[in-house]
Amino acid sequence: MTLMTNQKKKQFHISDYKNLVREIIMEGSLFSLFKFQTETIRTLTTEDEAEYTQQRIVEFLNILKEVADDCLLCNKCNQTYKFRICTGLSYKEDNAIELTCEGCDDCYTHSEERSHFTYFNFEAWREVDNLRKRSRGFTISYRLSSSPERALLLINDNKEMCPEIWINGHRVFQAEEVKNYWNYSKELLKKWKKNEEIQAEFTRKKNITIYELDERKNG
């Protein structure tokens, strides 16, 4: 009888906890909860074996996934996110979560080791990869940077070095944007090859001229 009572109490507490998790997720604080709860578990289990700590974290992540799968929708296309748990990353004590939307290709990731979550778009990334394969005489790459620039064109003084377009995945989220920056860069590169003046803002870093493509009016 006592065992059954304890089991019911445990189920009741888990149910309450899941409701709390749901409220926090619906407030838009999923990643804050992830960081807070994993840090709390590690603090409370400092004297326990690493395996025990990991088990408690995985239990929490499973609850987080269960609740998120039930209530979390993409604010762009209203589709349910695909929630993935990544455990035991590299050699460190690190776990991560990933949210991807199959509707608009948005992706969010966060891990215990990082201070902020990462956001990028698979559609934009794929466009960069496709254009890179088509590029001749220059290249294009996809980077995740906290800098405000959306896109840059880097040209080395040494013309034997291939010019490179940098697309900032933290600022550019659509394939069309990527294509526009690519086309605009081709126009600038034509002028560069002809030694004509390039009308675009730039900075110098050692022997590299860095053109800002952000002011380009795409349309």
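Up top is the structure.
The structure contained in this document is the topic of the report that follows. Quantities reported herein were computed from a predicted structural model and do not represent experimental measurements.

How each quantity is defined
- Residues numbered from 1 in each chain as written.
- Predicted model: local features only at pLDDT ≥ 70, side-chain atom pairs only at ≥ 80, totals over all residues.
- Heavy atoms only, no water.
- Pairing = 2+ DSSP bridges.
- Helix = DSSP H or I, 4+ residues; strand = E, 2+ residues; numbered from the N terminus.
- Axes fitted to C-alpha atoms, helices over the stretch in contact; angles between N-to-C directions.
- Contact = heavy atoms within 4.5 Å.
- Left-handed = near helix turned anticlockwise from the far one by under 90°.
- Nonpolar A, V, L, I, M, F, W, Y, C, P; charged D, E, K, R; others polar.
- Polar contact = N/O pair within 3.5 Å; in protein donor to acceptor, adjacent residues only side chain to side chain.
- Buried < 20%, exposed > 50% of the residue type's maximum accessible area, 1.4 Å probe, protein only.
- 1 Å grid on protein atoms, 1.4 Å probe; cavity = no way out; pocket = protein on both sides within 12 Å on 5 of 7 lines; lining within 4 Å.
- Points joined across faces, edges and corners; volume = space filled by probe spheres on them.

## A closer look at the sheet that holds strand 4 (residues 118-121)
Pairing between sheet strands relies on hydrogen bonds along the backbone, with the strands arranged either parallel or antiparallel.
Part 1: One open sheet holds the 4 strands; their spatial order is 1-2-3-4, and the pairing between them is antiparallel. The open sheet has two edge strands with one neighbour each: strand 1 (82-86) and strand 4. Each strand of the sheet is rotated relative to its neighbour by a mean of 15°, with strand direction disregarded.
Part 2: Alignment of strand 2 (residues 96-100) against strand 3 (residues 106-111), held across 5 bridges, turns out to be antiparallel. What sits directly across from Ala 96, in strand 3, is Ser 111.
Part 3: Sitting on the sheet, helix 2 (residues 30-44) is in contact with strand 1, strand 2 and strand 3, with an inclination near 20° to strand 3.
Part 4: Sheet strands touched by helix 3 (residues 50-71): strand 1 and strand 2. Its angle to strand 1, the strand with the most contacts, is close to 175°.

## Here we look at the pairing of strand 9 (residues 208-212)
Along any regular strand the residues' side chains alternate between the sheet's two faces.
Part 1: For strand 6 (residues 151-156) and strand 9, the ladder comprises 5 bridges, and the chain directions are antiparallel. In the strand pairing of strand 9, Ile 155 is matched with Thr 209.
Part 2: In this structure, the hairpin formed by strand 8 (residues 202-205) and strand 9 is closed by a connection of 2 residues, where Lys 206 is found at a positive phi of approximately 55°.

## A word on the packing of helix 4 (residues 122-134) against helix 5 (residues 175-193)
Part 1: Between helix 4 and helix 5, the shortest axis-to-axis distance is 8 Å and the interhelical angle comes to 35°. Both helix 4 and helix 5 take part in a crossing whose hand is right-handed. Contacts between helix 4 and helix 5 involve Glu 123, Ala 124, Glu 127, Val 128, Leu 131 and Arg 134 on the former and, on the latter, Ala 175, Val 178, Lys 179 and Trp 182.
Part 2: Among the residues making up the contact of helix 4 with helix 5, the classes are represented as 6 nonpolar, no polar and 4 charged.

## Here's the deal with the environment of Lys 65
Part 1: Checked against the element boundaries, Lys 65 lands in helix 3.
Part 2: In this structure, the C-alpha to C-alpha distance between Lys 65 and Ala 50, residues 15 residues apart in sequence, is 22 Å.
Part 3: Excluding residues within four positions of it along the chain, Lys 65 makes contact with Phe 83 and Ile 85.
Part 4: Engagement of the side chain of Lys 65 in a polar contact is seen with the backbone oxygen of Phe 83, the distance being 3.0 Å.

## As for the side chain of Thr 53
Part 1: Within the secondary structure, Thr 53 sits in helix 3.
Part 2: Judged by relative accessible area, Thr 53 falls into the buried class, the value being 6%.

## Quick word on the layout of surface pockets
Which parts of space are left empty comes out when a probe the size of a water molecule is rolled across the atoms.
Part 1: By volume, the largest pocket amounts to about 300 Å³.
Part 2: In terms of lining, the largest pocket is formed by 16 residues, of which the most central are Ile 25, Gly 28, Leu 30, Phe 31 and Leu 72.
Part 3: Within the residue set of the lining of the largest pocket, elements represented by two or more residues are helix 1 (2-26) and helix 2.
Part 4: Residue contributions to the lining of the largest pocket peak at 3 residues, all from helix 2.
Part 5: Across the lining of the largest pocket, the residue classes tally to 12 nonpolar, 4 polar and no charged.

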